[in-house]
Amino acid sequence: MKIEKAYCIVTCPGRNFVTLKIVTDEGVYGIGDATLNGRELAVSAYLEEHVIPCLIGRDPQQIEDIWQYLAKGAYWRRGPVTMSAIAAVDMALWDIKAKIAGLPLYQLLGGKSRSGVMVYGHANGRDIPETLDAVGHYLELGYKAVRAQAGVPGLDTAYGIARGKLFYEPATKGLPEEQIWSTEKYLNFAPKLFEAVRVAHGPDFHLLHDVHHRLTPIEAARLGKSLEPYHLFWMEDPTPAENQEALKLIRQHTVTPIAIGEIFNSIHDCRELIQNQLIDYIRTTVVRAGGITQLRKIAALAELYQVRTGSHGATDLSPVCMGSALHFDLWVPNFGIQEYMRHTPETDEVFPHAYTFADGYLYPGDVPGHGVDIDEKLAAKYPYERAYLPVARLQDGTMWSW
Ligand SMILES: O=C(O)[C@@H](O)[C@@H](O)[C@H](O)[C@H](O)CO
Ligand SMILES: [Mg+2]
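Just so you know, these numbers come straight off a predicted model, no measurement behind them.

A. Layout of the overall build of the chain. Along the backbone of the chain there are 13 helices and 18 strands. Here the C-alpha radius of gyration of the chain, 20 Å, is about what a compact globule of 402 residues would show, namely 21 Å. Dimensions of the chain, computed from C-alpha atoms along their principal axes, come out at roughly 60 × 45 × 45 Å. Counting all 402 residues of the chain, 57% fall into the buried class. Within the chain, contacts between residues separated by at least 24 positions form 72% of all contacts whose residues are at least 6 apart in sequence.

B. Up close: the sheet that holds strand 18 (residues 399–400). Overall, mixed pairing links the three strands, which are arranged 7-17-18 in an open sheet. Across the chains shown, the open sheet's two edge strands, defined by having one partner strand only, are strand 7 (178–181) and strand 18.

C. Seen up close, the sheet that holds strand 2 (residues 17–24). With antiparallel pairing, three strands are arranged side by side in an open sheet as 1-2-3. A single partner strand is all that each edge strand has here, and the edge strands are strand 1 (3–11) and strand 3 (29–33). Averaged over all pairs of adjacent strands, the angle between their axes in this sheet comes to 20°, without regard to strand direction. Alignment of strand 1 against strand 2, held across eight bridges, turns out to be antiparallel. Each bridged residue has a counterpart across the sheet, and for I9 the counterpart in strand 2 is T19. Helix 3 (residues 80–101) contacts strand 1, strand 2 and strand 3 of the sheet and is inclined by roughly 145° relative to strand 3.

D. Region of the structure containing empty space enclosed by the protein. Evaluated as defined, the whole model comprises two cavities of 30 Å³ or more. The space that makes up the largest cavity amounts to roughly 120 Å³. If you go around the largest cavity, you meet 16 residues; those closest to its centre are Q149, A150, Y159, Y186 and H209. Contributing elements (two or more residues each) for the lining of the largest cavity: strand 5 (145–150), helix 6 (183–201) and strand 8 (206–210). If you tally residues by element for the lining of the largest cavity, the top one is helix 6, at five residues.

E. Structural context of helix 1 (residues 40–55). Here helix 1 spans 21 Å end to end across 16 residues, near enough to the 22 Å set by a 1.5 Å rise per residue. Considering bend angle alone, the principal kink of helix 1 is centred on E48 and spans about 40°. For helix 1, every residue scored as buried is listed here: E40, V43, S44, Y46, L47, V51, I52 and L55. Against strand 1, strand 2, helix 2 (63–73) and helix 3 lie the buried residues of helix 1. Of the residues trailing helix 1, G57 is marked for its positive phi of about 90°.

F. View of the packing of aromatic side chains. One pass over the full model with this rule turns up twelve aromatic pairs. Look at Y159 and W402: their rings are 5.4 Å apart centre to centre, the planes differ by 75°, and that puts the pair in the edge-to-face class. One end of the pair, Y159, is in the loop between strand 5 and strand 6 (172–173); the other, W402, is in the segment after strand 18, and 243 residues separate them in sequence. Classification of W402 as buried rests on a relative accessible area of 15%. Members of the aromatic cluster, each reached through a chain of ring pairs, are Y120, F233, W234 and Y281. Here the basic side chain of K21 rests over the ring of Y29, its NZ or CZ set 4.0 Å away from the ring centre. Against the face of W67 rests K297, its NZ or CZ located 5.6 Å from the ring centre.

What counts and what doesn't
- Residues numbered from 1 in each chain as written.
- Chains lettered and ligands numbered in written order.
- Predicted model: local features only at pLDDT ≥ 70, side-chain atom pairs only at ≥ 80, totals over all residues.
- Heavy atoms only, no water.
- Helix = DSSP H or I, 4+ residues; strand = E, 2+ residues; numbered from the N terminus.
- Rg over C-alpha atoms; globule rule 2.2 N^0.38 Å.
- Buried < 20%, exposed > 50% of the residue type's maximum accessible area, 1.4 Å probe, protein only.
- Contact = heavy atoms within 4.5 Å.
- Pairing = 2+ DSSP bridges.
- Axes fitted to C-alpha atoms, helices over the stretch in contact; angles between N-to-C directions.
- 1 Å grid on protein atoms, 1.4 Å probe; cavity = no way out; pocket = protein on both sides within 12 Å on 5 of 7 lines; lining within 4 Å.
- Points joined across faces, edges and corners; volume = space filled by probe spheres on them.
- Expected span 1.5 Å × (residues − 1).
- Bend = angle between axes of the 7 residues up to and from the residue.
- Phe/Tyr/Trp six-rings, centres within 6.5 Å; stacked < 30°, edge-to-face > 60°.
- Lys NZ or Arg CZ within 6 Å of the ring centre and 35° of its normal.

Read these as layout, nothing more, since geometry by itself doesn't imply function.
This is how it looks when you write it as structure tokens:
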């Protein structure tokens, strides 16, 4: 069997997605997600210009060798563009291998370790009452875990606040939106939010929160400590994770569990945090971290240190990534939780998929492969539209981490 052709499909059914399709000489094909939010065309160009020509004629079943070839062969290692491109190839090849075997992908990985994949939804509101309603809505839908984010009094915008009820989308068309941030206002407000959530909805569900890289180490320590009474499942990205030493300081002060890694793209980014037990959950996901092939090495490393997985699953990770992640989640022994931000109906139509939601769990389905396809004719009706994530500044104009 040989790879006969491969190409990228760029589509914007409400937001941009880049999908790689690999077709074999025997007619079996696989697809992979290559979406990098706000930098989409860099990955499609990397694939079209530099990767696809090297794939033609190769045996699609040699997944590990192709991974090593692309990761080591470029000489220029790592980075979000490179690793998203490699991930797309890897996802498509696992899809092909599972289709040839006639098995759902999780069976090739080692079979089921659980009956379903626990997911968390995003409850957002402009203020505390709206956020409480949103948490209640998710609990009514059967969710066992909910992430809560609310607008901070005195700030016009805050990370994680939805424009629609179930479909939070941070990227906007045109140039990047500029948002204003105040750590002082946020730190005073956050404990009030979580107290209100626990008073209104009780202790019997997992509660999560994303700090989105906004704090300094000592501020993060203060936040973690102040949230301890509300028993968070995790506090995510408390500080920018380039400075991994910072986590030691945070750990000295708080037992609020920590999740990091949605922007990591290699096992080397995760290694120190895992080996030093500075995090509790590793957030790497299939498209960002080089595909299933590298993600399972990251998970195996994490397993040694009782660090569990909590894969990123925002709307910029396409249904193709979500489908692949769910097979991984169903198998991986040290599974923690899976983020699940629902895609819009337009996106779901472009990407028909076998996964289903019921009572707080996602199920990848049992069709051969990862169970997600792309309707190319429909995709062609939604041409690419430039869009960016916002940027953040402090009130005096200083650039900050968004
Ligand atoms: O935890 C999350 O879901 C977020 O951090 C994401 O919404 C993130 O901002 C986007 O995926 C960026 O593309
Ligand atoms: Mg996040």
